[in-house]
Amino acid sequence: MESLLVVDDEPTVRELLSATLRFAGFTVTSAATGAAAVDAARREPPDLVLLDVMLPDMDGFDVVRRLRDGGARVPVLFLTARDAPADKVQGLTLGGDDYVTKPFDLEELIARIRAILRRTGGSAVDTIVVGDLSLDPAGRRVTYTGRPVRLSPTEFRLLHFLMRNAGTVVGKAEILDRVWHYDFGGDASIVDTYISYLRRKLDARLVRTVHGVGYVLERPRP
């Protein structure tokens, strides 16, 4: 399941896009400012960024410059009401993969997203390895001590997040934000439940509980 980062300062547009793209089968996170988008893309690189050009703190072109200066090669699809040819040329010259003007047709947008993902190989990140644990975001594969491990989509997203933050304690609220994206409106104990699923499928010692704080995926000791 490909991951998308939706960046738009208009809450209605951001929420509509996020809901539509999740319904289309994507994993979606969102940001309302350029700074938040840069931070989110660096912390957990998505497979593609849908980026509004007109943001409150910096324009989308500056966001792409910061991502590229930091070495991120994540595909970018610009979304904007600015339809001047000069703006399109600037966006594509900076490394944007497509440029869609508002208002846009949602079905066409989804088709453009899938075309970019096919063209770029679908994933912007390499295989993550922590000790005997390996996770391939592009192939959606996990192995532990050389054997394949079958995970549900939610288990995969949770493990992906924990591995990207290996050695760092993460709280339940942050896990809910990054893995469930606040789509789950029930008890936060859902995190405990899925941690227990991972422990059973991998190794109970891999994920340590830090009481009163959260969880940490242990890095192997040298």
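Residues numbered from 1 in each chain as written. Predicted model: local features only at pLDDT ≥ 70, side-chain atom pairs only at ≥ 80, totals over all residues. Heavy atoms only, no water.

**Student:** Explain the nonpolar core here, please?
**Tutor:** The nonpolar side chains of a soluble globular protein tend to be buried with one another. Counting residues in hydrophobic clusters, the biggest one holds 30 residues, and the most contacted among them are Leu 133, Leu 159, Ile 175 and Leu 217. Where this core is concerned, the elements lending two or more residues are strand E6 (128–130), strand E7 (133–136), strand E8 (141–144), helix H6 (153–164), helix H7 (172–180), helix H8 (190–201) and strand E12 (214–217). It is H6 that contributes the most residues to this core, six residues altogether. Ignoring anything within four residues of it in the chain, the contact list for Leu 159 reads Leu 133, Leu 135, Val 142, Leu 151, Leu 198 and Leu 202. Within the second largest apolar cluster, 20 residues are counted, among which are Leu 5, Ala 31, Val 49 and Val 53. (Core = buried A, V, L, I, M, F, W, Y, C linked by side-chain atoms within 4.5 Å. Buried < 20%, exposed > 50% of the residue type's maximum accessible area, 1.4 Å probe, protein only. Helix = DSSP H or I, 4+ residues; strand = E, 2+ residues; numbered from the N terminus. Contact = heavy atoms within 4.5 Å.)

**Student:** Before we go on, may I ask you to explain the environment of Val 169 in this structure?
**Tutor:** With respect to the helices and strands, the residue Val 169 is situated in the loop between H6 and strand E10 (170–171). Residue classification places Val 169 among the partly exposed residues on the basis of a relative accessible area of 35%. Separated by 48 residues in the primary sequence, Val 169 and Leu 217 place their C-alpha atoms 7.8 Å from one another. Setting aside chain neighbours within four positions, we find Val 169 in contact with Val 210, Val 213, Gly 214, Tyr 215 and Val 216.

**Student:** Which parts of the structure should I look at to understand the packing of H7 against H8?
**Tutor:** Packed helices, taken two at a time, are described by the angle between their axes plus the distance between the axes. Viewed as axis vectors pointing N to C, H7 and H8 meet at an angle of 75°, and their least axial separation amounts to 10 Å. Classified by the angle between their axes, H7 and H8 sit roughly perpendicular to one another. Here Lys 172, Ile 175, Leu 176 and Trp 180 of H7 lie close against H8, whose contacting residues are Ile 190, Val 191, Asp 192 and Tyr 194. In the contact of H7 with H8, the residues fall into six nonpolar, no polar and two charged. (Axes fitted to C-alpha atoms, helices over the stretch in contact; angles between N-to-C directions. Parallel < 35°, antiparallel > 145°, perpendicular 65-115°, else oblique. Nonpolar A, V, L, I, M, F, W, Y, C, P; charged D, E, K, R; others polar.)

**Student:** How do you make sense of the layout of surface pockets when you look at a structure like this?
**Tutor:** Gaps between atoms show up when a probe of the same size as a water molecule is rolled over them. Here the largest pocket defines a volume of roughly 240 Å³. Among the residues making up the lining of the largest pocket, the classes are represented as six nonpolar, one polar and six charged. (1 Å grid on protein atoms, 1.4 Å probe; cavity = no way out; pocket = protein on both sides within 12 Å on 5 of 7 lines; lining within 4 Å. Points joined across faces, edges and corners; volume = space filled by probe spheres on them.)

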